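Now for the letters of each chain:
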Amino acid sequence: MTHNTSVTDRARIVVSACLLGAPVRYNGRDKKTHHPVLQRWIEEGRVVSACPEVLGGLGTPRPPAEIVQIGGLRRVTTNEGRDVTAAFERGAEDTLEQALRHGVRVAILKEGSPSCGTSFVYDGTFTSMPVPGEGVAAALLRSHGIRVFSENELDAASAYVEALER
Ligand code: SF4
């Protein structure tokens, strides 16, 4: 049987803006990935670009931030000790809103980021020490049923999207 999948039927995919080449990281740089799966999705018009930290109102460049647990609560602080949790949560909510508006069921987020990390983040000491965990936006998308992959899992993500459309 032949499927004629139109652009509007295709699964839309939220992708961290820095992976698409936008210079929105804390240091004013990007993390562009040239993986063929991502290139194909861009050509197919599936990609919804989002940077949770920019959506949350943080400037670029900005001080690096990491997740810490304070009194059992998840907080995000900069390396200067400023609490930026509210901006991170606002950005995560805006990212979720964009995802829901586009009917997104899959996201590709930048590993290790305090917003976008999918399996690890840094431990809050600003010493490049990874710990298992997820970023604020990744956690929120997952809690709403969106399947989140990192940029290191694009082949698995591609198989997942194909299975969704079968
Ligand atoms: Fe990239 Fe996410 Fe950081 Fe924005 S918040 S720069 S999209 S990793």
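Our structure's up above, just so we're on the same page.
Let me sum up the structure you'll find in this document. Just so it is clear, the model here is predicted, and its values are computed rather than measured.

Side note on the packing of helix H3 (residues 85-101) against helix H4 (residues 136-143)
Consideration 1: The interhelical angle for the contact between H3 and H4, taken along N-to-C directions, is 40°, at an axis separation of 9 Å. In this view, H3 runs oblique relative to H4, as classed from their interaxial angle. At the point where H3 passes H4, the crossing takes the right-handed sense. Contacts between H3 and H4 pair Phe88, Glu89, Gly91, Ala92, Glu93, Thr95, Leu96 and Ala99 from the former with Val136, Ala137, Leu140 and Leu141 from the latter.

So, the site of the ligand
Consideration 1: As a matter of local geometry, the ligand sits amid Ser16, Ala17, Cys18, Val24, Arg25, Cys51, Pro52, Glu53, Lys110, Ser113, Ser115 and Cys116.
Consideration 2: Across the shell around the ligand, the residue classes break down as 6 nonpolar, 3 polar and 3 charged.

Regarding the sheet that holds strand S8 (residues 147-150)
For sheets, the rule is that strands pair by backbone hydrogen bonds, running either parallel or antiparallel.
Consideration 1: Taken in spatial order, the 4 strands line up as S2-S1-S5-S8 in an open sheet, and their pairing is parallel. Only two strands of the sheet have a single neighbouring strand rather than two, namely strand S2 (47-50) and S8. In this sheet, adjacent strand axes meet at a mean angle of 25° when their direction is disregarded.
Consideration 2: Pairing of strand S1 (residues 13-16) with strand S5 (residues 106-109), which is carried by 3 bridges, proceeds in the parallel orientation. Residue pairing across strands places Val15 opposite Ile108, the latter belonging to S5.

As for H4
Along an α-helix, residues three or four apart share an orientation, since each turn contains 3.6 residues.
Consideration 1: All buried positions along H4 are accounted for by Val136, Ala137, Ala138, Leu140 and Leu141.
Consideration 2: Looking at the buried side of H4, the elements it contacts are helix H2 (52-55), strand S4 (73-78), H3, S5 and S8.
Consideration 3: Gly145, located one to two residues past H4, shows a positive phi value of around 85°.

About the criteria used
Residues numbered from 1 in each chain as written. Predicted model: local features only at pLDDT ≥ 70, side-chain atom pairs only at ≥ 80, totals over all residues. Axes fitted to C-alpha atoms, helices over the stretch in contact; angles between N-to-C directions. Helix = DSSP H or I, 4+ residues; strand = E, 2+ residues; numbered from the N terminus. Parallel < 35°, antiparallel > 145°, perpendicular 65-115°, else oblique. Left-handed = near helix turned anticlockwise from the far one by under 90°. Contact = placed C-beta atoms within 7 Å. Near = placed C-beta within 6 Å. Nonpolar A, V, L, I, M, F, W, Y, C, P; charged D, E, K, R; others polar. Pairing = 2+ DSSP bridges. Buried ≥ 20, exposed ≤ 12 C-beta atoms within 10 Å, placed from the backbone.

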